Amino acid sequence: MVSLTVDLISKSNHFKKQRGISFAQYLKTLTHLHFSNKNIEEIGDLSVCGNLSVLYLYDNNITQIRNLDFASNVTHLYMQNNNITHIDNLHNLRKLSNLYLGGNRIAAVEGLEQLHHLKELHLENQRLGPGEKLLFDSRTLLSLAETLCILNINNNNIDDITELSVLKNLQHFSAALNKLQSIEEIEEVLRLWPQLLLLDLRGNPVCKELKYRDRLITACKSLEMFDGRKVSEATRRFLLWKKSRKHLEEKKQVHTLSANDHLLFNR
């Protein structure tokens, strides 16, 4: 079993290039650790690396997030394309802002309640079992409501995003290649995301709905990029005007019908 330890770090090319510094000093000053695609299966004791801020551990065979209690200065954690099944043991990473866990085997988004600075969460392409979909723990969602700006949940068999509406500060939301069908539910959620700039829902059944693009642009007035295409201000104004005009015509029609009914009643 290949374990990421200080011994493995000592054999790395990066340390060998350092001159005039002891290995102990090197470990204390180390801020970026690059060990992607090294067949690593577990994280060992790295507690002497207290100044680490960025860990690159993607494209390995890690099954569990562990031994990161020391990592209070880590801001970016890259662990995509491993074999992780649960989001565990991240409570001490109080400065973590960017978390990359795409391409794992995670079925539930949980255990992030202590990450009060998390801005980006990437969970795309989980390798789920037949009939499984990515689920979200309500406590985790509430804890991320104020800070999370970017969420990527592409290709995870998701059929409803209503519970994500609490993430009121989202700016980028990617949920392509899922199973979203209800345009009404999506409209309701988008109205609760006033800062959303980028939305990607390509590859969902809802994309086939009549006036899909027009409806969602009018539901989210801040959108700048939708399904890979820019949303111009002119387009937005036209669609909002069109919607407003339709609403006025419907009100006028209802008023006319009510007036006619009143006349018939008084005859």
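You'll find the structure just up there.
A brief look at the structure comes next. (Residues numbered from 1 in each chain as written. Predicted model: local features only at pLDDT ≥ 70, side-chain atom pairs only at ≥ 80, totals over all residues. Heavy atoms only, no water.)

1. Details of the environment of Gln171
Within the secondary structure layout, Gln171 lies in the loop between β10 (150-152) and β11 (172-174). For Gln171, a relative accessible area of 27% puts it in the partly exposed group. As for Gln171 and Cys149, which are separated by 22 residues in sequence, their C-alpha atoms are 5.1 Å apart. Contact partners of Gln171, with chain neighbours within four places excluded, come to Cys149, Gln195, Leu196, Leu197 and Leu198. (Helix = DSSP H or I, 4+ residues; strand = E, 2+ residues; numbered from the N terminus. Buried < 20%, exposed > 50% of the residue type's maximum accessible area, 1.4 Å probe, protein only. Contact = heavy atoms within 4.5 Å.)

2. Quick notes on the side chain of Asn152
Structurally, Asn152 can be placed in strand β10. With near-sequence residues (within four places) excluded, Asn152 lies in contact with Leu121, His122, Leu123, Glu124 and Ser174.

3. Regarding the environment of Phe70
Note that Phe70 resides in the loop between β4 (54-56) and β5 (76-78). Along the chain, Phe70 and Val48 lie 22 residues apart, while their C-alpha atoms are 8.2 Å from each other. Not counting the four nearest positions on each side in its chain, Phe70 is found in contact with Leu46, Ser47, Cys49, Gly50 and Leu52.

4. Comments concerning the nonpolar core
If you look at the biggest cluster of nonpolar residues, it comprises 69 residues, and the most contacted ones within it are Leu68, Leu90, Leu112, Leu121, Ile153, Leu164 and Phe173. Only α3 (23-29), α4 (138-144), α5 (183-190) and α6 (212-219) provide two or more residues apiece to this core. (Core = buried A, V, L, I, M, F, W, Y, C linked by side-chain atoms within 4.5 Å.)

5. Some words on the packing of α5 against α6
Packing of α5 against α6 brings their axes to within 8 Å, and their N-to-C directions diverge by 25°. Taken together, the axes of α5 and α6 are roughly parallel relative to one another. Both α5 and α6 take part in a crossing whose hand is right-handed. Contacts from Ile183, Glu184, Ile186, Glu187 and Leu190 in α5 reach Tyr212, Arg215, Leu216 and Ala219 in α6. Each residue belonging to the contact of α5 with α6 can be placed in one class, and the counts come to six nonpolar, no polar and three charged. (Axes fitted to C-alpha atoms, helices over the stretch in contact; angles between N-to-C directions. Parallel < 35°, antiparallel > 145°, perpendicular 65-115°, else oblique. Left-handed = near helix turned anticlockwise from the far one by under 90°. Nonpolar A, V, L, I, M, F, W, Y, C, P; charged D, E, K, R; others polar.)

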